[in-house]
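Take a look at the letters that make up each chain.
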Amino acid sequence: MSADTTPSAEGPVPELRERAVACAERLQSADRVLLASHIDADGLTSAAIAATALERAEIPFETVFAKQLDEREVARIAATDYDTVLFTDFGSGQLDVVAPYAADGAFTPVVADHHQPADVPEGIDEPAFHLNPLLFGLDGASELSGAGASYTLARALEPPEGDNRDLAGLAVVGAVGDMQGTDGGLSGANQGIVEEGVAADVLEEATDLLVYGRQTRPLPKFLEYASDVRIPGITNDENGAIEFLSGLDLDLKHDGEWRRWVDLTMDERQTVVSGLLKRAMASGVPADRIDDLVGTTYTLTDESPGTELRDVSEFSTLLNATARYERADVGLAVCLGDREDALARARKLLRNHRRNLSEGLQWVKNEGTTVEDNVQWFDAGTRIRETIVGIVAGMAVGASGVRGDIPILAFAEKSDEEVKVSARGSHGLVRKGLDLSRVMREASRAVGGDGGGHDVAAGATIPTGTQTEFVAEADRIVGEQLS
């Protein structure tokens, strides 16, 4: 039997349908809309989904991006002559700033977000057009991303003659880029979006090796850099990876060049996977870690095989490499279909991004972290760019000399007056009570800054010189959460 390709009247996330329709109706009544979005992979895909939906609904709009939606940025938005502002992948955590402007009539906010909502000041009404999974009993850190919220809105904003299910692929890129995959697969409300993408023939869901670079990396590099599950003699060992592949009795080169994972037949892939499993077991890798080698993967079927855009995890990394270097416009253009100039610029930014991440990770390994009672931290100053210090912190957890059993805080200079803080935890710590969103918000406000995010990953901006006081406060709060 063929899959049912009829869109559900309830949309991909039934719990959000009624609110999504209300938000869509508000946008349809606007003369024009200012679309404001965050700049990471989830923010860029959120913006692209919303922009496409607005264009198809023939609603005039302009797009702006911001690293952080703070008082200054909201004031700048309020100073424009837009009566309706659509916030994607942020806005919920800044309701305490946004709501007063809305109450004063500066603009009507429509928020499609998944971050922890901030409390609205006493005496001010909650914004009516607030689309967030957390308001409906869904986990915004693992069940629905900002792109997922934006997609839910897009499905409610559809033109009469078509539907927006072709945007499901971008929503999956956003969710994976926001680290919502567990064991490689998406769950909760995200799964409804995956099902719509598969039904619309823009997405393929499969079980495969969970190693980054399936589309683009030559096999030795593909295995050498497979660090999520470390296999002695292969991981971080170029010669070991080549020796392993050479011993598999497979023809893994074409015209003298190493093939890529995407070039292999299913039988060839099975042979490689079996060999990896045997090597892992022989090397004493724990069984639960070996299981992590294989899981659910997602492929964007309309994209060319062998490119970064074909695999959702590689696509999300490409997007992160644009906006984090002040080129959100490039990432958005790629999301909107530019496969010429924008894609070429994005690839150049990606090469630079990878080099910076590698150098940043090596610096953290060399310097190590300072360990407090409940957290560990490092201050990179200007050595690591503030837009990528959170990624580096996440990569460092569990690496040589960096503990994996407590949260990590990472500082980097944002300006002469401000410091960026990124915090990363684990889902195991979250299950024990960790909520880094609250830690970042409360600890930063205690020193005159502001922050927020998710329970497992969050960020803040604080005044320069307050790092010591911030660490002490964060350490205290984490201790209370995990006690």
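Residues numbered from 1 in each chain as written. Predicted model: local features only at pLDDT ≥ 70, side-chain atom pairs only at ≥ 80, totals over all residues. Heavy atoms only, no water.

J.: I keep staring at the sheet that holds strand E5 (residues 129-131) and nothing clicks. Help me out?
T.: Paired through backbone hydrogen bonds, the strands of a sheet run either parallel or antiparallel to each other. Ordered in space as E2-E1-E3-E4-E5, the five strands form an open sheet in which the pairing is parallel. The open sheet has two edge strands with one neighbour each: strand E2 (61-65) and E5. Along the sheet, successive strands turn relative to each other by an average axial angle of 20 degrees, direction set aside. Note: strand E1 (residues 33-37) against strand E3 (residues 84-88), four bridges, orientation parallel. Following the sheet pairing, Leu 34 is matched in E3 by Val 85. Of the strands in this sheet, E1, E3, strand E4 (108-112) and E5 are in contact with helix H1 (residues 17-28), which crosses E5 at around 135 degrees. (Pairing = 2+ DSSP bridges. Helix = DSSP H or I, 4+ residues; strand = E, 2+ residues; numbered from the N terminus. Axes fitted to C-alpha atoms, helices over the stretch in contact; angles between N-to-C directions. Contact = heavy atoms within 4.5 Å.)

J.: Got a minute to help me understand the packing of aromatic side chains in this structure?
T.: What characterises a pair of aromatic rings is the spacing of the ring centres plus the angle enclosed by the ring planes. Across all of its chains, the model carries six aromatic pairs by this definition. Measuring from centroid to centroid gives 6.0 Å for Trp 377 and Phe 411, while their planes differ by 85 degrees, and the two rings are edge-to-face. Remark: Phe 411 occurs in strand E12 (residues 408-413) and Trp 377 occurs in strand E11 (residues 376-379); sequence separation between them is 34 residues. With a relative accessible area of 0%, Phe 411 lands in the buried category. A centroid spacing of 5.9 Å and a plane angle of 85 degrees characterise the contact between Phe 411 and Phe 470, whose relative ring orientation is edge-to-face. Of this pair, Phe 411 sits in strand E12 while Phe 470 is found in helix H18 (residues 467-482), placing the two residues 59 residues apart along the sequence. Side by side, Phe 411 and Phe 470 carry an identical accessibility label, which is buried. (Phe/Tyr/Trp six-rings, centres within 6.5 Å; stacked < 30°, edge-to-face > 60°. Buried < 20%, exposed > 50% of the residue type's maximum accessible area, 1.4 Å probe, protein only.)

J.: Looking at this structure, I do not really get the sheet that holds E11. What am I missing?
T.: A sheet is described by the order of its strands in space; here six strands give the open sequence E10-E11-E12-E13-E15-E14, paired in mixed fashion. Lying at the two open borders of the sheet, with one neighbouring strand each, are strand E10 (370-371) and strand E14 (450-453). Looking at chain direction, E14 and strand E15 (residues 457-463) are connected through four bridges and run antiparallel. If you follow Gly 453 over to E15, its bridge partner there is Ala 458. Across the sheet, H18 touches E11, E12, strand E13 (418-424) and E15, and the angle it forms with E12 is around 160 degrees.

J.: Explain helix H14 (residues 341-367) here, please?
T.: Side chains of residues three or four places apart in an α-helix project in the same direction, reflecting 3.6 residues per turn. Taking 1.5 Å as the rise per residue, H14 with 27 residues should run 39 Å; its terminal C-alpha atoms sit 39 Å apart, in good agreement. Along H14, the residues classified as buried are Ala 342, Leu 343, Ala 346, Leu 349, Leu 350, His 353, Leu 357, Gly 360, Leu 361, Trp 363 and Val 364. Residue Gly 368 follows H14 closely and has a positive phi angle near 75 degrees. (Expected span 1.5 Å × (residues − 1).)

J.: What is the right way to look at the pattern of salt bridges in this model?
T.: As a working rule, side chains carrying opposite charge can pair if their charged atoms are close by. Scanning the model with the defined rule gives 24 salt bridges in all. Here Lys 67 and Glu 386 are joined by a salt bridge, their closest N and O atoms 2.8 Å apart. With Lys 67 in the loop between E2 and helix H3 (71-78) and Glu 386 in the loop between E11 and helix H15 (389-396), this residue pair connects regions lying 319 residues apart in the sequence. For Lys 67, a relative accessible area of 36% puts it in the partly exposed group. Residue Glu 386 is classed as buried on the basis of its relative accessible area of 9%. Residues joined by salt bridges that share partners form a network here, namely Lys 67, Glu 326, Arg 385 and Glu 386. (Salt bridge = Lys/Arg side-chain N within 4 Å of Asp/Glu carboxyl O.)

J.: I'm lost on unusual backbone geometry in this one. Help?
T.: Negative phi characterises most residues that are not glycine, and trans characterises most peptide bonds. Notably, Asp 201 is not glycine yet its phi reads approximately 65 degrees, a positive angle. You can call Asp 201 exposed: its relative accessible area is 57%. We note that Glu 326 has phi near 60 degrees; this positive angle belongs to a residue other than glycine. Judged by its relative accessible area of 45%, Glu 326 is partly exposed.

J.: Looking at this model, I keep getting lost on the pairing of E4. Mind explaining?
T.: Each regular strand displays side chains that alternate between the two surfaces of the sheet. For E4, the tally of buried residues reaches four of five residues, placing the bulk of the element in the interior. Pairing of E3 with E4 involves five bridges; the strand directions are parallel. Paired with Phe 87 across the two strands is Val 111, which belongs to E4. Following the chain from E3 across helix H4 (residues 95-103) to the adjacent parallel E4, one finds a crossover that is right-handed. Bridge analysis of E4 against E5 gives three bridges, and the strand direction is parallel. When the bridges of E5 are listed, Ala 112 appears paired with Leu 131. (Right-handed = clockwise from strand over helix to strand, strands pointing away.)

No statement about biological role is implied by the geometric values presented.
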